[in-house]
Amino acid sequence: MPAADTSADPAARPRTVITFGTFDVLHVGHIRILKRAAALGDRLVVGVSADALNEKKKGRAPVFSQDERVEIVSSLAFVDEVFVEESLELKRDYIVEHRADVLAMGDDWKGRFDFVSDLCEVVYFPRTPSVSTTELIEHIANTA
Ligand code: CTP
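Now for a look at the structure at hand.

The rules behind each value
Residues numbered from 1 in each chain as written. Predicted model: local features only at pLDDT ≥ 70, side-chain atom pairs only at ≥ 80, totals over all residues. Heavy atoms only, no water. Near = heavy atom within 4 Å. Polar contact = N/O pair within 3.5 Å; in protein donor to acceptor, adjacent residues only side chain to side chain. Areas by Shrake-Rupley, 256 points an atom, 1.4 Å probe, with all protein chains shown as cover. Helix = DSSP H or I, 4+ residues; strand = E, 2+ residues; numbered from the N terminus. Nonpolar A, V, L, I, M, F, W, Y, C, P; charged D, E, K, R; others polar. Buried < 20%, exposed > 50% of the residue type's maximum accessible area, 1.4 Å probe, protein only. Arc of directions from axis to C-beta. Contact = heavy atoms within 4.5 Å. Phe/Tyr/Trp six-rings, centres within 6.5 Å; stacked < 30°, edge-to-face > 60°. Pairing = 2+ DSSP bridges. Axes fitted to C-alpha atoms, helices over the stretch in contact; angles between N-to-C directions. Salt bridge = Lys/Arg side-chain N within 4 Å of Asp/Glu carboxyl O.

**Points about the site of the ligand**
1) Next: Surveying the vicinity of the ligand reveals 18 residues, the closest of which are Lys58, Asp108, Thr128, Val131 and Thr134.
2) Next: Lys58 places a side-chain nitrogen or oxygen 2.7 Å from an oxygen atom of the ligand.
3) Next: Gly106 places a main-chain nitrogen or oxygen 3.0 Å from an oxygen atom of the ligand.
4) Next: Out of a free accessible area of 570 Å², the ligand has 93% covered by protein chains.
5) Next: Elements supplying a minimum of two residues to the shell around the ligand: α1 (28-38), β4 (102-106) and α5 (133-143).
6) Next: Here the shell around the ligand gets 3 residues from one element, more than from any other, and that element is α1.
7) Next: The residue makeup of the shell around the ligand, split by class, is 4 nonpolar, 10 polar and 4 charged.

Here it is in structure tokens:
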């Protein structure tokens, strides 16, 4: 007997959470938001910014390449799938493609993802205080 088509029934498929970020020089703020995001559903999908996108967004190349960052984030127990985010303009496409039910981001992005709230729930978590990749890079450069 063919398997029943449950694709139209949201209760019958895993609740998917999606999040986006650079995740360069992985730190405890990244771990905490990924864990909190994973706890919102059954499956966590992470869009890791492409190197080119990161240069455009943050004005510098990441320390770790996109392939390395994908490998690092993929190795976390609470992350189920990782893809490279090539463009900021494709957020809606990524949400649809990965069938995300929830988008989770740190509250430094508060309000800036509300434009996808017709597609999925949007959740902002408080950022972990006193740690960021930019500050870590500066700290290491200044103490080297
Ligand atoms: N994040 C967080 N707490 C921190 C740092 C980051 O919750 N202390 C979250 C961000 O809000 C985002 C995700 O982690 O949802 C990825 O952020 P990313 O920009 O990769 O990390 P930052 O440390 O903020 O990097 P940068 O300093 O280069 O901006």
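**What about α1?**
1) Next: Inspection of α1 places Gly29, His30, Ile33, Leu34, Ala37 and Ala38 among the buried residues, and these make up the whole buried set. Down the axis of α1, the buried side of the element spans an arc of 160°, and every buried residue falls inside it.
2) Next: Contacts made by the buried residues of α1 are with β1 (16-21), β2 (43-49), β4, β5 (121-125) and α5.

**With respect to the packing of aromatic side chains**
Geometrically, a pair of aromatic rings is defined through the distance of the ring centres and the angle of the planes.
1) Next: Applying the stated rule across the entire model yields 5 aromatic pairs.
2) Next: Look at Phe20 and Tyr94: their rings are 6.1 Å apart centre to centre, the planes differ by 45°, and that puts the pair in the tilted class. One end of the pair, Phe20, is in strand β1; the other, Tyr94, is in helix α4 (residues 91-97), and 74 residues separate them in sequence. Accessibility assignment for this pair places Phe20 and Tyr94 in one class, buried.
3) Next: Aromatic pair Phe113 and Phe115: ring centres 6.5 Å apart, planes at 25°, arrangement stacked.
4) Next: For Phe115, a relative accessible area of 45% puts it in the partly exposed group.

**With respect to the sheet that holds β5**
1) Next: Taken in spatial order, the 5 strands line up as β3-β2-β1-β4-β5 in an open sheet, and their pairing is parallel. In this open sheet, the two strands that pair with only one neighbour each are β3 (81-85) and β5. If you compare each strand with its neighbour and ignore which way they point, the axes differ by 25° on average.
2) Next: Of the strands in this sheet, β1, β2, β4 and β5 are in contact with α1, which crosses β2 at around 140°.

**Description of the environment of Asp67**
1) Next: Mapping Asp67 onto the fold places it in helix α3 (residues 66-74).
2) Next: Once the C-alpha coordinates of Asp67 and Ala50 are considered, the two residues, 17 residues apart in sequence, prove to be 8.8 Å apart.

**Here we look at the pattern of salt bridges**
1) Next: On inspection of all chains with the given rule, the structure shows 7 salt bridges.
2) Next: Between Lys91 and Glu85 there is a salt bridge, and its shortest N-O distance comes to 2.7 Å. Each of the two residues, Lys91 as well as Glu85, counts as buried.
3) Next: Among the salt bridges present, the one from Arg127 reaches Asp108, with a minimum N-O distance of 2.9 Å. Taken together, the residues Arg127 in the loop between β5 and α5 and Asp108 in the loop between β4 and β5 connect sequence positions 19 residues apart.
4) Next: The class of Arg127 is partly exposed, set by a relative accessible area of 41%.

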